[in-house]
Amino acid sequence: QVQLVESGGGLVQPGGSLRLSCAASGSIFSIKDMGWYRQAPGKQRELVAAITSGGSTNYADSVKGRFTISRDNAKNTVYLQMNGLKPEDTAVYYCNAHVQVYGLRVTSYWGQGTQVTVSS
């Protein structure tokens, strides 16, 4: 019913930048909160940043001042601009969206994940 497609991951040197995108498609009536999570090898998935439909944002302490989350409601797309990347940011990054499908209640959907590797 709803698909989330991520793009923008890759290999970058420490101090570099990447921009992740996540586009939602399908039988979408409205999208509530959207967010980015990450999971490093051997660690639990953690919230990186979230944004409400009204534009309010929330960040993990480890990325405050370096990462910026934004969204384009007309395109059903959420972005994560990552600056000042560190090796500890290396992880698979997942997009999440709380979507109201036509005629149904709000459901949480996940993207397939995109690898971000920070290494010299």
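Heads up: the structure comes first, above all this text.
Residues numbered from 1 in each chain as written. Predicted model: local features only at pLDDT ≥ 70, side-chain atom pairs only at ≥ 80, totals over all residues. Heavy atoms only, no water.

**A few points about the packing of aromatic side chains**
Overall, the coordinates contain two aromatic pairs when judged by the stated rule. Taken together, a centroid distance of 5.0 Å and an interplanar angle of 65° make the contact between Y37 and W110 edge-to-face. Highlighted residues: Y37 in strand β4 (residues 28–39) and W110 in strand β10 (residues 106–110), separated in sequence by 73 residues. For the cation-ring pair, R45 lies above Y94, with the distance from its terminal atom to the ring centre recorded as 3.7 Å. Over the aromatic face of W110 sits the side chain of R45, whose NZ or CZ is 4.7 Å from the ring centroid. (Phe/Tyr/Trp six-rings, centres within 6.5 Å; stacked < 30°, edge-to-face > 60°. Helix = DSSP H or I, 4+ residues; strand = E, 2+ residues; numbered from the N terminus. Lys NZ or Arg CZ within 6 Å of the ring centre and 35° of its normal.)

**Quick look at unusual backbone geometry**
Positive phi, normally seen in glycine, also occurs at N76, with a value near 50°. By relative accessible area, N76 is classed as partly exposed at 24%. (Buried < 20%, exposed > 50% of the residue type's maximum accessible area, 1.4 Å probe, protein only.)

**A few points about the pattern of salt bridges**
Two side chains bearing opposite charge may form a pair once their charged atoms approach each other closely. The tally for this structure, following the rule as stated, stands at four salt bridges. In this structure, the salt-bridge partner of R38 is E46, at a minimum N-O distance of 2.7 Å. According to the relative accessible area criterion, R38 is buried, its value standing at 6%. Residue classification places E46 among the partly exposed residues on the basis of a relative accessible area of 36%. R38 is paired through a salt bridge with D89; the nearest N and O atoms lie 2.9 Å apart. Placement of the pair is R38 in strand β4 and D89 in the loop between β8 (77–82) and β9 (91–101), with a sequence separation of 51 residues. The pair R38 / D89 is uniform in exposure class, with both members buried. Within the structure, one salt-bridge network assembled from shared partners comprises R38, E46, R66 and D89. (Salt bridge = Lys/Arg side-chain N within 4 Å of Asp/Glu carboxyl O.)

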